[in-house]
Amino acid sequence: MRVQTQAGRGDAFHLAVKVLVYVSFYFAAVYVLGRLLYWLGGYLVGITATGLLAAALSNSLCLRIYVQRGIAAIGLQGDKAALVNLGFGCLGGMGAAALVLTGPLLLHTATLERDPGSPASISSFFFVSVLLLFGSAGEELLFRGFGFQVLLRDVGSWTTILPVGVIFAVLHAGNPSSNWLGLANTAGFGILFGYAFLRSHDIWLPIGLHFGWNFTLPLFGVNVSGLTMRLTGFTMRWSAGTLWSGGEYGPEASIPATAVLLVLFVYLWKAPIRRQPSALLDPPASDVTCVPGHPFSPSS
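What comes next is a walk through the structure. (Residues numbered from 1 in each chain as written. Predicted model: local features only at pLDDT ≥ 70, side-chain atom pairs only at ≥ 80, totals over all residues. Heavy atoms only, no water.)

### Brief notes about the packing of helix 2 (residues 80–106) against helix 7 (residues 204–219)
Filter applied, for reference: Note on geometry: axes are lines fitted to C-alpha atoms, helical ones only across the stretch in contact, with angles between N-to-C directions running from 0 to 180 degrees. A run of DSSP states H or I qualifies as a helix once it reaches four residues; a run of E qualifies as a strand once it reaches two. Both are numbered from the N-terminal end. Working definition: roughly parallel below 35 degrees, roughly antiparallel above 145 degrees, roughly perpendicular at 65 to 115 degrees, and oblique for all remaining angles. By definition, any crossing whose near helix is turned counterclockwise from its far helix by less than a right angle is left-handed, and any crossing with a clockwise turn is right-handed. Residues are grouped as follows: nonpolar covers Ala, Val, Leu, Ile, Met, Phe, Trp, Tyr, Cys and Pro; charged covers Asp, Glu, Lys and Arg; every other residue, Gly included, is treated as polar.
At a minimum axis distance of 7 Å, the contact between helix 2 and helix 7 shows a crossing angle of 30°. Taken together, the axis directions place helix 2 and helix 7 in an arrangement best described as roughly parallel. Helix-helix and strand crossings are classified by hand; for helix 2 and helix 7 the assignment is right-handed. For the contact of helix 2 with helix 7, the residue count by class is 18 nonpolar, 7 polar and no charged.

### Notes on the nonpolar core
To keep things clear, this is the line we draw: Think of a nonpolar core as a cluster: buried Ala, Val, Leu, Ile, Met, Phe, Trp, Tyr and Cys residues, connected wherever their side-chain atoms sit within 4.5 Å. Classification of residues uses two cut-offs on accessible area relative to the type maximum, computed with a 1.4 Å probe and protein chains only: under 20% is buried, over 50% is exposed, and between them is partly exposed. Should any heavy atoms of two residues lie within 4.5 Å, those residues are counted as being in contact.
Counting residues in hydrophobic clusters, the biggest one holds 58 residues, and the most contacted among them are Leu192 and Trp213. When residues of this core are traced back to their parent elements, those giving at least two are helix 1 (9–66), helix 2, helix 3 (122–143), helix 4 (146–154), helix 5 (158–170), helix 6 (180–200), helix 7 and helix 9 (255–270). Per-element tally for this core: the top contributor is helix 1, with 10 residues. Among all residues touching leucine 192, those that are not within four sequence positions of it are Leu261, Leu264, Phe265 and Leu268. Residues Cys90, Val128, Leu132 and Phe211 belong to the second largest nonpolar core, which totals 7 residues.

### Structural notes on the side chain of asparagine 185
With respect to the secondary-structure elements, asparagine 185 resides in helix 6. If sequence neighbours within four positions are ignored, asparagine 185 has contacts with Glu252, Ala253, Ser254, Ala257, Thr258 and Leu261.

### Section: helix 4
Counting buried residues along helix 4, 9 of its 9 residues qualify, which places the element largely inside the surrounding structure. Within the span of helix 4, buried status applies to Phe146, Gly147, Phe148, Gln149, Val150, Leu151, Leu152, Arg153 and Asp154. Glycine 156 sits one or two positions beyond helix 4 and adopts a positive phi of about 130°.

So far we have only geometry, and geometry alone does not tell us how the molecule works.
In structure tokens form, the structure reads like this:
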């Protein structure tokens, strides 16, 4: 990985320091908040709240130190364009998950059955939905926040998006029942979310995609990255093999999820995403991803 030619070694060193400070702030916040929030809310609440708060804190501190701006500067604007991008994100994530799961139901390779062990309730539905939203937002703030954006600006688009997508998958390797296909698809989603940020220059679009996918899977009673979260009191019973169902990891470890990733990339390319002004990004004119009319251009 090489920083732009006009940037000297000193600039590369300062870039590395910024990313290291960002990551250090995150892990320091996790260390301080983790046990307290686990004690207050239990495992699921603790891990979700810790991730979100630590990501928000690390972004806020770095923005104050380096650009003297608030957290909205990383792409958390509260305007109409942000709402549009969030909507397109949710629509894409929910539609992709539904596409993966309705096909097997129509082909009778899976059935939707009541799960007596997990009866539905309004309170549990709301609780799990909020956890999924906070979890998605926390991961996107961390992976598409300050550190990602300064790398995107100074190193380049795909030389940032691809390795960060791989790191996103590696950090899911400890999830229950993870396997090679699940991690490969998770890396694909990480790259997709990075491209979503490239298209919009805000974090609302990747948050919407991430939440839309994670929210829809439990509606059908399937696992999310190896985690079981029941929302409706139903579960899917599969007669197809694990390459098609994803097994205990969930549909993210399936061949249909691999195929739908390509559909989502096309969706993001064609959707009328609202490009937001960015306080951190000034993409170089030589970057092919910013050439008008290019298939992967944010302005396409």
